[in-house]
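These are the residues of each chain, in order.
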Amino acid sequence: MDKIKKQKKCWLKLKVNGILDDNGNVTYTRIVEAHKFSKEEIYNRALNYFVYNYGSGKSVIQTQDKELGRIVGKGLYDDVHVGISIITTYVDCWHIARVDVKEGRARIIFTLTTYDKKIVGGDGPPSEISLRVEQSFPINPKGNQKTVMGKVFYKSHLSAILSLDAIEKAIKDGNTSKSLEKDDW
């Protein structure tokens, strides 16, 4: 089976699992059960995740609403893919991470939004382009550079899953370690 067929098969599996939202964005949702924690404790743990991971560089916390129980951050997976041949292609992936908090639980909504692609080499100056994730292969089967963009999507997808896992871990276990975050210090 060639690479394109493998990527299409992988994409169909992901599509069936429901990651495309109503706007065509690639969105992941996870419910985190944390019954032993209050809404405020869960909110503070989630906020600490954002402070540790969205407090520098291009990643930022956009919303902190304690009363509503919502935190939203805009983040960047820098160089999610680097392709080297005659030219070098660097691709970053922007994402939105949102956590909604209730008593004893949280909902994580994580959306891959845009790729920033920079091409260096060849005869001309570097070129840069931004593409919406839904405009690119494999979400758009007619998208350009199927092999490169298939790899970009796959690596972005893996990064999103790791981020979901990290947010869940932060809510359940804290952001450093259980022994360091104990209340009896």
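Refer to the structure printed above.
Just so it is clear, the structure is predicted and the values come from calculations on it, not from any experiment.

For the chain, the helix and strand inventory stands at three helices and six strands. The helix and strand sequence of the chain, counted from the amino end, reads α-β-α-β-β-β-β-β-α. Within the chain, the fraction of its 185 residues that count as buried is 41%. When contacts within the chain are restricted to residue pairs at least 6 apart in sequence, long-range pairs at least 24 apart make up 55% of them. As displayed, the chain offers around 10900 Å² of accessible surface, 51% of which is attributable to carbon and sulfur atoms.

With that settled, consider the nonpolar core. Residues Val-26, Tyr-28, Val-99, Phe-110, Leu-112, Tyr-115 and Ile-171 are the most contacted members of the largest nonpolar core, which totals 38 residues. Elements with a minimum of two residues in this core: strand S1 (26-33), helix H2 (39-54), strand S3 (70-84), strand S4 (87-102), strand S5 (105-121) and helix H3 (146-173). Per-element accounting of this core gives the leading share, eight residues, to H3. Sequence-distant contacts of Tyr-28, that is, excluding residues within four places in its chain, are made with Ile-19, Ile-108, Ile-109, Phe-110, Leu-112, His-157, Ala-160, Ile-161 and Leu-164.

Turning our attention to the environment of Trp-94. Its place among the elements puts Trp-94 in strand S4. For Trp-94, a relative accessible area of 14% gives the class buried. Taking the C-alpha atoms as reference points, Trp-94 and Ser-59, 35 residues apart in sequence, are found 8.9 Å from one another. Each residue touching Trp-94, except ones within four places of it in the same chain, is listed here: Lys-58, Lys-74, Gly-75, Leu-76, Thr-111, Leu-112, Thr-113, Thr-114 and Asp-116.

Rules used throughout
- Within each chain, residues carry numbers counting from 1 in the order of the written sequence.
- In view of the model being predicted, local features appear only for residues whose pLDDT reaches at least 70, and side-chain atom pairs are presented and counted only at 80 or more, with totals across whole chains, interfaces and linings using the full set of residues.
- As a rule here, side-chain values cover all heavy atoms of the structure and leave hydrogens and water aside.
- Only runs of H or I of at least four residues qualify as helices and only runs of E of at least two qualify as strands under DSSP, and these elements are numbered from the N terminus.
- The buried label goes to any residue with under 20% of its type's maximum accessible area, the exposed label to any with over 50%, and the partly exposed label to all in between, with areas taken from a 1.4 Å probe on protein chains only.
- Contact definition: two residues touch when any of their heavy atoms are within 4.5 Å.
- The Shrake-Rupley method, run with a 1.4 Å probe, gives the accessible areas here. Residue values count only the displayed protein chains as cover.
- To qualify as a nonpolar core, a set must consist of buried Ala, Val, Leu, Ile, Met, Phe, Trp, Tyr and Cys residues joined through side-chain atoms within 4.5 Å.

None of this, on its own, says anything about what the molecule does.
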